[in-house]
Amino acid sequence: MHERMESFVLDLQDRLVVALESLEPSQKFIRDRWEREDGKGYGISCVLQDGQVFEKAGVNVSVIEGTLTPGQLRSMRERNPQTAKKLNANEQYDFRVAGVSVVVHPRNPYAPTAHKNYRRFEVYRKSCPEAGPVMAWFGGGADLTPAYLFEDDVKYFHQTLKQACDPHDPQYYPRFKQWCDQYFTNIHRNETRGVGGIFFDDLEDKEPEELFHFVYDAGNAFIKAYVPLVAKRMTMPYSQRERDWQLIRRGHYAEFNLVYDRGTKFGLMTPGARIESILMSLPLTARWEYMNQPEPGSPEARLLDAVRTTTEWAG
C-alpha cells in the first residue's frame, strides 16, 4: 500500500502542476528533487513564485521514513485514544509516510487561497519491523481560504468535495467538514482560517483498499474543485485596498500554520527534515496592521462574518 500511495501522489503532483501552469502565462514551476542526508527518503518540491496569476504555489511530495522522536510519539498518543492503546510510550517506533501537500496563493485578492494534503502513514516497532505495521492510517483533506467571499464559489468547492466523498460513505463529508471547521481554527482570534472543506486524520475505519480509493477520489477532486475558481477570478480588477486586505488575511493564514498546524509541527520536529519544503505553505508576502477593523457592512466585514460562523455550504 505504501508503494501505491507513493505512485499516486507523484502522478497527482504532475497533473496538478500542469493544471496550474495552464493558468499562469509568466512562470513555470521549478522542480526540486531532494534526498534526505541519512538516505531515508526523498521529496520533490514543485514551486512557482512571482507569477502573474500565482504569487506563490507549491506542490510537494514527500516519501520518507525515520524513527519517531519522543515528542512525536507523545503527540500522537495524546491526540487519539486508539493510538495510545497501540503505541507504548516506552517503546521505540519507526515510521514511513508518502504524501502530497499543496498550497496555492493567487495574486488577485478575489481569487482564493487553497490547501490540499493527502498522506498514508505507517508505524513499525523498531525491534520487529518484519512483523508489519503496528498502525497504518490515511489523513488529509482540502480547504478554501478566500479574502473576499463569493458564496457560489464556496458552495461549488464544497459540493465537489462532497461528490467525491458520498460514494464511499455518506457520513464522510458531514463528518470531515465539521472536523475541518474545528481543526483549521485560529483559536486566539476565534475564527476559522477560511471557509473550510474536508479534513480527516488517523483514518483506519475501513479496509485499506477501500480507504485508498476514497483518498484517490478526494485527491483528484481538488483540481476540479479549485482550478475553475482561480480561472473565474484571476482577471477581476482590484485596488490597493483589496490587496492590503488580502495580505492581512494571509497574515492570519501564516499564524495558523506556525502556531497550530500538526503537519508543520511534525515536520519541524523530525530530525533531518527539509525546512524549505515544510514552510512552503507560507505566503510570499503578508501584512499585520495594528487593530485593523473593517467597516460594518463592507465586503471585508462579510468575510469576517463567514469565518466566525458555521455554514453548511454544500446544501
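Scroll up for the structure.
Residues numbered from 1 in each chain as written. Predicted model: local features only at pLDDT ≥ 70, side-chain atom pairs only at ≥ 80, totals over all residues. Heavy atoms only, no water.

**Student:** What exactly am I supposed to notice about helix 2 (residues 70-79) here?
**Tutor:** Since the α-helix packs 3.6 residues into each turn, any two residues three or four apart lie on the same face. Gly71, Gln72, Leu73 and Met76 are the residues of helix 2 that are buried. Against the buried residues of helix 2 lie strand 3 (54-67), helix 3 (81-86), strand 4 (93-106), strand 5 (113-125), strand 6 (135-145) and helix 8 (262-269). (Buried < 20%, exposed > 50% of the residue type's maximum accessible area, 1.4 Å probe, protein only. Helix = DSSP H or I, 4+ residues; strand = E, 2+ residues; numbered from the N terminus. Contact = heavy atoms within 4.5 Å.)

**Student:** What's the story with the nonpolar core in this structure? I'm lost.
**Tutor:** As a rule of thumb, nonpolar side chains are buried together in soluble globular proteins. Judged by nonpolar contacts, the single largest core of 64 residues is most densely connected at Met5, Phe54, Val59, Tyr118 and Phe214. The dominant element in this core, judged by the number of residues it contributes, is helix 6 (residues 208-233), at twelve residues. With residues near it in sequence (within four places) discarded, Met5 still touches Ala98, Tyr118, Arg119, Arg120, Phe138, Phe212 and Val215. (Core = buried A, V, L, I, M, F, W, Y, C linked by side-chain atoms within 4.5 Å.)

**Student:** I tried to follow the pairing of strand 3 on my own but got confused; where do I start?
**Tutor:** Along any regular strand the residues' side chains alternate between the sheet's two faces. Of all 14 residues that make up strand 3, eleven are buried, and the element is covered over most of its length. Here strand 2 (residues 41-49) folds back onto strand 3, and the loop between the two strands holds four residues, one of which, Asp50, carries a positive phi near 60°. As paired strands, strand 3 and strand 4 are joined by 13 bridges and run antiparallel to one another. Note on strand 4: the bridge partner recorded for Glu65 is Arg96. (Pairing = 2+ DSSP bridges.)

**Student:** Even after reading the chapter, I still don't get the packing of aromatic side chains, so can you show me in this structure?
**Tutor:** Working definition: an aromatic ring pair is given by the centre-to-centre distance plus the angle between the planes. Under the definition given, this model contains 24 aromatic pairs. For the ring pair Phe121 and Phe266, a centre distance of 5.7 Å and an interplane angle of 80° mean the geometry is edge-to-face. Here Phe121, found in strand 5, pairs with Phe266, found in helix 8; they are 145 residues apart in sequence, far enough to count as distant. In terms of burial, Phe121 and Phe266 fall into one category: buried. Feature note: the residues Tyr118, Tyr172, Phe176, Trp179, Tyr183, Phe184, Phe199, Phe200, Phe214, Phe256 and Tyr260 constitute an aromatic cluster, connected by ring pairs. One cation-aromatic arrangement involves Arg4 over Phe212; the distance from NZ or CZ to the ring centre is 4.6 Å. Positioned above the aromatic ring of Tyr42, the side-chain terminus of Arg33 is 4.2 Å from the ring centre. (Phe/Tyr/Trp six-rings, centres within 6.5 Å; stacked < 30°, edge-to-face > 60°. Lys NZ or Arg CZ within 6 Å of the ring centre and 35° of its normal.)

**Student:** Please explain the side chain of Arg243 as it appears in this structure.
**Tutor:** Structurally, Arg243 can be placed in helix 7 (residues 240-259). Arg243 gets classed as buried once you look at its relative accessible area, which sits at 14%. Sequence-distant contacts of Arg243, that is, excluding residues within four places in its chain, are made with Glu55, Arg107, Pro109, Tyr238, Arg250 and Thr285.

**Student:** Where do I start with unusual backbone geometry in this structure?
**Tutor:** With phi around 60°, Asp50 is a residue other than glycine that occupies positive phi space. Looking at the element boundaries, Asp50 is found in the loop between strand 2 and strand 3. Using a relative accessible area of 48% as the deciding quantity, one classes Asp50 as partly exposed. Backbone geometry places Asn190, a non-glycine residue, at a positive phi of 55°. Relative to the elements of secondary structure, Asn190 occurs in the loop between strand 7 (185-186) and strand 8 (191-192).

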